Amino acid sequence: MSRSVLEGPVVGSEGVKVEQLVLENGRVTQRGDLGLKADHQWSQDCLLFPGFGDIHVHLREGQEYKEDFHTGSEAALNGGVTFCCDMPNNPTPPLDQDTFSAKVAKLPDHPVHIELYAALGPGTRPFGCRRYKGFLAHSTGPLYFESLLEAREVVKEYGGCRITFHCEDPVILEGAKGAPNHEESRPAQAEAEAVRHVLRWVEEFGIIANVAHLSTEAALREVYERTDVTFELTPHHLFFDVENRNRFERGKLLKMNPPLRRPSDRKALLKSLKEGRANFLATDHAPHTLEEKLSGSPPSGVPLLDTYGAFVTWLLKTEGVSPQIVHQVCCSGPAQFLELPDRGHLSPGARADVTVLNLARPHTVKREQLATKCGWSPFEGVTFPGSVEAVFVGGEKVR
Ligand SMILES: [Zn+2]
């Protein structure tokens, strides 16, 4: 029997209220103004959230020199993330029942809960998996389409399925080949065009679509009036852009897909978040080694799990995003998306996963504090206005 009483400003979908939480045997059993003796108490500088959920991470199964389930999970805990969903672009992608089950069997016994995506790619068919990931253009891994028409022929078999799409039109990317830099070789219109196709497929085939790492104002315009599609925003597209990148220590390593965009795009994404339009803050945590990133042809992607919670304090304190919206995009939204009803909230019956942020204790990102195996962060040298103060998983204090 384990039991502890937490007290502090608890964030829920309705707002922030100083309350007590009783954690017993891995669950929240009571919540409210209980008048109990607290084991852990936090002041008004802190906020207690349900453990954060990141629905888009690459934990690199089969490429363990970059990351593995264990180091990735430790990086998640550093960021206050207690559940996540791993992408399928592995050397052997989970694309049917056998390959999917083989990947499930490799999941570790670790406090962080990991869900998996199955891959949707050329020649795949639905096999009863709860969610699929479709790469509409070449990025990292072997699964991608040559055109949106080719993708459409596969997607039409997935009626009723939940699919997250990497939205870039491969034909537009092909046409932009040879551009002077990575950003211009993956233009904004490639994203908007792919999003338009996905929205059509929602109507035509009855798929349940989520747009991964939405990065441009043009794509935002496509999804703005739609209630039948969700979208993710990433820390890197909200924080960095093609103009400010060089002010940062790791600015040269900020190559990812979709790429960094213009300041006006970044501001539009921040505005959509503040207005409560975005569905998920998802990192697209994509570890590659420093050696790879510093090479002549660096792979795309940056590692972001370690800094999830510290980045959220920047949203709250510097950008003025409300705690309720953070609750929506970091807690309740991800839990609903992954169909995990006992996560993403702290009502009695919920799992006793709590992430405490301290908005009065700034955090400067340093390499030696990172748990990701790749050992670097795009935020190195950045001072966030707050930090992750404590993390509880199943009622146990793990950070
Ligand atoms: Zn990704």
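Preceding block: the structure.
These notes cover the structure that comes with them. Residue numbers run consecutively from 1 along every chain, following the written order of its sequence. Note on the predicted model: pLDDT of at least 70 is required for a residue's local features to be given, and 80 or more for side-chain atom pairs to be given and counted; whole-chain, interface and lining totals, by contrast, use all residues. As a convention, hydrogens and water are excluded, and side-chain values are obtained from all of the structure's heavy atoms.

## Quick look at the sheet that holds strand β10 (residues 132-135)
Then comes step 1: Strand pairing is assigned whenever DSSP identifies at least 2 bridges connecting the two strands. Going along the chain from the N terminus, every DSSP run of H or I of four or more residues is numbered as a helix, and every run of E of two or more is numbered as a strand. Here we have six strands laid out as an open sheet, ordered β9-β10-β11-β12-β13-β14, and parallel in their pairing. In this open sheet, the two edge strands, each paired with only one partner strand, are β9 (118-120) and β14 (280-281).
Then comes step 2: Across four bridges, the pairing between β10 and strand β11 (residues 162-166) is parallel. Bridge pairing in β11 places Gly134 opposite Phe165.

## Structural notes on unusual backbone geometry
Then comes step 1: Of the consecutive residues Asn257 and Pro258, the connecting peptide bond is found in the cis state with omega at -10°.
Then comes step 2: Along the chain, Pro258 turns up in the loop between α8 (235-239) and α9 (263-274).
Then comes step 3: With phi around 25°, His213 is a residue other than glycine that occupies positive phi space.
Then comes step 4: Within the secondary structure, His213 is located in the loop between β12 (208-211) and α7 (217-224).
Then comes step 5: Overall, the relative accessible area of 2% leaves His213 in the buried class. Under the scheme applied here, a residue whose accessible area is under 20% of the maximum for its type counts as buried, over 50% as exposed, and between as partly exposed, the area being computed with a 1.4 Å probe on protein chains only.

## Observations regarding the pattern of salt bridges
Then comes step 1: For this document, the term salt bridge refers to a Lys or Arg side-chain nitrogen within 4 Å of an Asp or Glu carboxyl oxygen. All told, the structure shown has 30 salt bridges when counted by the stated rule.
Then comes step 2: One salt bridge in this structure joins Glu183 and Arg245, with 3.0 Å as the shortest N-O distance. Here Glu183 is found in helix α5 (residues 182-185), whereas its partner Arg245 is found in the loop between α8 and α9, with 62 residues between them in sequence. Both residues of the pair, Glu183 and Arg245, belong to the buried class.

## Let's talk about the nonpolar core
Then comes step 1: Formed by 92 residues in total, the largest nonpolar core has its most connected members in Phe52, Leu136, Phe165, Trp201 and Ile207.
Then comes step 2: It only takes one pair of heavy atoms within 4.5 Å for two residues to be counted as in contact. If near-sequence neighbours (up to four positions away) are discounted, Phe165 is found in contact with Lys133, Gly134, Leu136, Val155, Val198, Trp201, Ile207, Ala209, Asn210, Val211 and Ala212.
Then comes step 3: Counting 15 residues, the second-largest nonpolar core is a separate cluster that includes Leu6, Ala350, Val354 and Ala390. Definition used in this section: a nonpolar core is a set of buried Ala, Val, Leu, Ile, Met, Phe, Trp, Tyr and Cys residues joined via side-chain atoms within 4.5 Å.

## As for the side chain of Arg343
Then comes step 1: Structurally, Arg343 is set in the loop between α12 (323-337) and β15 (354-358).
Then comes step 2: Note on Arg343: relative accessible area 10%, which makes it buried.

## Points about the environment of Leu21
Then comes step 1: Positionally, Leu21 belongs in strand β2 (residues 15-24).
Then comes step 2: A sequence separation of eleven residues divides Leu21 from Gly32, and the C-alpha atoms of the two residues are 6.8 Å apart.
Then comes step 3: Among all residues touching Leu21, those that are not within four sequence positions of it are Ser4, Val5, Leu6, Val10, Val28, Gln30, Arg31, Leu48, Leu346 and Val354.

## Here's the deal with the layout of surface pockets
Over the atoms rolls a probe the size of a water molecule, and its path tells where empty space is left.
Then comes step 1: A cavity here means a set of 1 Å grid points, computed over protein atoms only, where a 1.4 Å probe fits but cannot escape. A pocket is an open set with protein on both sides within 12 Å along at least 5 of 7 lines, and lining residues have an atom within 4 Å of a point. Grid points are joined across faces, edges and corners, and a volume is the space filled by probe spheres set on the points. Considering only enclosed or pocket space, the largest pocket measures out at about 430 Å³ in volume.
Then comes step 2: Considering the residues around the largest pocket, the lining is formed by 20 residues, among which His138, Ser139, Leu173, Lys177 and Arg186 are closest to the centre.
Then comes step 3: Those elements giving two or more residues to the lining of the largest pocket turn out to be α4 (170-175) and α5.
Then comes step 4: Considering every element that reaches the lining of the largest pocket, the biggest residue donor is α4, with four residues.
Then comes step 5: Think of it as three bins: nonpolar holds Ala, Val, Leu, Ile, Met, Phe, Trp, Tyr, Cys and Pro, charged holds Asp, Glu, Lys and Arg, and polar takes everything else, Gly as well. Residues that form the lining of the largest pocket fall into these classes: eight nonpolar, seven polar and five charged.
Then comes step 6: Estimated volume of the second largest pocket: approximately 230 Å³.
Then comes step 7: Lining the second largest pocket are Asn78, Asp306, Thr307, Ala310, Arg361, His363, Val365, Gln369, Leu370, Ser387, Val388 and Arg399.
Then comes step 8: Of the residues that constitute the lining of the second largest pocket, the class distribution is four nonpolar, five polar and three charged.

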